[in-house]
Amino acid sequence: MFKKIVKKTSVLAFVSACLACSSPAKKEPKTAKLTLEPGFSATVIADSLGAARHIAVSQQGDVYVKLNNLKDGKGIYCLSDTDRDGTIDKTVAFGDYTGTGILVDQKYLYASSNTTVYRYKLDQNQQVTDVDHPEVIVKGLVAHAIDGAKPLVIDKERNLYVAVASYSDACADETKDGKSCPLLDSVAGIWRFDADKLNQEYSDGEQYATGLKGVMGFAWNDVSNSLYALQHGRGNFHEKFPQYFDATYSATYPAETLYELKKGADAGWPYIYYDHIRHKKLLAPEFGGDGKKEGDSKYLEPALAFPAHLGPNAMLFYTGTMFPEKYRNGAFIAFHNQSPELHKGFCVAFVPFKNGKPTGNWEVFADDFAGIDLKNPTGPSQHKPCGLAQGPDGALYVSDDLQGTIYKITYNAKG
């Protein structure tokens, strides 16, 4: 009897040992091949999601990703690290529409298609309670095949800001008199709505700011209690006006401009563009400009200007405590393209702020998303930064809409 018990026990021990040996090893977070300042590190928490546009992170640490193309029929992904080991172990997909805008607050998840803003109620764990029946907050927004994205911002007073880009580069084909642009009543601006009112249209909101060709990156600054927005500049100088401009001019101008916006602000599109080298507002050629004539001084002065064609696609004011003090209340910017002038781009930049105003020059914070030498490229860019979000621990999240990669950037003073 004793021998039989020993034998059975040995067999059970052997089986248990084998099961332990064959159990899959715990997956470690993948290190991202980015160039960062000492003390910072980056990991890849998700990849191959497709066109991952803007992102939002809940206070529970769940990462919500908005897709510009449906993946398995869904346009929103919720990525969760349920055991808090640094890797995503739960994924939920929902929403049958594409788009860019997404944000999360204490009670709701907001997401946008190119024509509509939706809202999903969250439970106490900030999880969506009904993925199949979102509420419509705003509908009927103008969208064409070009620049149709609708990024979103909500301020402390529960005002919802929606950026509506122009589908026309310079309003040349739409103007009837060569003096005015008829598109400005419904595009090229930012509209303000009530974040808690259902089924709003243009007539229910107000045009908060105008003269902005295309805003993708914008954010509310709690220090200055104001809205900041980054404009994508126009193009087609050399192509349409070779008598005034050459190819080098088209590669260098106009600046990508950052504005602090108050109600009623007018940044001047399509009548002017900004020269970041001479620091002048110049009259657009479609309205009588030649690259030298200055535009009307009534238009808003940029708070900061960046080289042409960088494509600022997201902006975030950092309020966390994980990063060093220099980053507190400063702005991170995701550049989706590159500057022919600098041979830099496809990066996340940083702008220092003090008392709610930019102070000093911008710098590259996270680089080498492209995976190639931009001065001597041997192929296309591998990743394009698009969205930014701050985690509850102060980590910075970056989305890439080329490969669908989500990065998490953290800081440890000990390296």
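Residues numbered from 1 in each chain as written. Predicted model: local features only at pLDDT ≥ 70, side-chain atom pairs only at ≥ 80, totals over all residues. Heavy atoms only, no water.

Considering the confidence of the model for the protein chain
Filter applied, for reference: pLDDT gives the predictor's per-residue confidence on a scale running from 0 to 100. Here, residues are in contact when the closest pair of their heavy atoms is within 4.5 Å.
Averaged over every residue, the pLDDT of the protein chain is 92; the share at 70 or more is 93%. Counting contacts from residues 1-25, a segment whose pLDDT is below 50, to residues more than four positions away or on other chains yields 0 contacts.

Here's the deal with the sheet that holds strand β1 (residues 30-31)
The cut-off we apply is this: Pairing between strands requires that DSSP locate at least two bridges from one strand to the other. Each helix corresponds to a stretch of at least 4 residues labelled H or I by DSSP, and each strand to a stretch of at least 2 residues labelled E; elements are numbered beginning at the N terminus.
If you walk across this open sheet you meet the 5 strands as β1-β2-β30-β29-β28, and the pairing is antiparallel. A single partner strand is all that each edge strand has here, and the edge strands are β1 and β28 (385-390). Two strands pair when backbone bridges link them, and β28 and strand β29 (residues 396-400) are joined in this way by 5 bridges, in the antiparallel orientation. Considered in β29, the bridge of P385 is made with D400.

Describing the state of the cysteines
Quick reminder of the rule: Note that a disulfide, as used here, is simply two cysteine sulfur atoms within 2.5 Å. Here the term buried applies to any residue with accessible area under 20% of the maximum for its type, exposed to any over 50%, and partly exposed to those in between, with areas from a 1.4 Å probe on protein chains only.
The tally for this structure, following the rule as stated, stands at 1 disulfide. Put simply, C171 and C181 are joined by a disulfide, and their sulfur atoms are 2.1 Å apart. Every disulfide takes its handedness from the sign of the S-S torsion; for C171 and C181 that torsion is 90 degrees, giving right-handed. Highlighted residues: C171 in the loop between β12 (159-164) and β13 (189-194) and C181 in the loop between β12 and β13, separated in sequence by 10 residues. Residue classification places C171 among the buried residues on the basis of a relative accessible area of 0%. No disulfide involves C386; its sulfur sits 14 Å from the nearest other cysteine sulfur, which is in C347.

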